[in-house]
Amino acid sequence: MAAWTTQHRLAVHRQVETTAGPVTERGQVWADTRPTGRVHLLCNCGWSSGWIDHADMPSREQLQADHGVPLMGLSV
C-alpha cells in the first residue's frame, strides 16, 4: 500500500469586520460587514501566510511555483 501524503490545496480567506446594522421597521438588527484589506493564505501542506495586506500577497504565479497548484476559482 502506498504511503499517505498531504497534497497541495491552496485557500484564501479574506478578513472582514462586523458591526450591528441599523434596526429595521420590524425590530431586526442585521450585521454589516466590510473587508479589512487583509488576507490569509494557507495550503494543505502546512504553509500559512498569516494575516497579510492584500497588496503583499504573493502572485498567482509565485504560489503555483511554490505549491504546484493554481488558486482555482478564486478571485483575489
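Each remark here, short or long, concerns the structure printed above.
This report concerns the structure included in the present document. Here the structure is a predicted model, which is why all the values come from computation and not from measurement.

What counts and how
Going along each chain's sequence as written, the residues are numbered from 1 onward. Per-residue local features of the predicted model are confined to residues with pLDDT of at least 70, and side-chain atom pairs are confined, for both listing and counting, to 80 or more; whole-chain, interface and lining totals are unaffected and use all residues. Computation of side-chain values: all heavy atoms of the structure, hydrogens and water removed. Only DSSP runs of H or I with at least four residues qualify as helices, and only runs of E with at least two residues qualify as strands; both kinds are numbered from the N terminus onward. Throughout, exposure labels follow a simple rule: accessible area from a 1.4 Å probe, protein chains only, divided by the maximum for the residue type, with under 20% read as buried, over 50% as exposed, and the rest as partly exposed. Any pair of N or O atoms that falls within 3.5 Å is considered a polar contact. Within protein, one atom must be able to donate a hydrogen and the other to accept it, and sequence-neighbouring residues count only if both atoms are side-chain atoms. Note on contacts: a residue pair qualifies if any of its non-hydrogen atoms lie within 4.5 Å across the two residues. When DSSP locates at least two bridges between a pair of strands, those strands are taken to pair.

### A few points about the side chain of histidine 40
Consideration 1: Mapped onto the fold, histidine 40 is located in strand β2 (residues 29-43).
Consideration 2: Given the relative accessible area of 18%, histidine 40 is considered buried.
Consideration 3: In terms of polar contacts, histidine 40 uses its side chain to reach the side chain of serine 48, at 2.6 Å.
Consideration 4: Setting aside residues up to four positions removed in sequence, histidine 40 forms contacts with Ala11, Val12, His13, Ser48, Ser49, Gly50 and Trp51.

### Quick look at the pairing of strand β3 (residues 48-53)
Consideration 1: Across five bridges, the pairing between β2 and β3 is antiparallel. Along β3, the bridge assignment pairs arginine 38 with aspartate 53.
Consideration 2: In textbook terms, the turn of a hairpin is the stretch between consecutive antiparallel strands, and for β2 and β3 this stretch comprises four residues, one of which, glycine 46, has a positive phi near 115 degrees.

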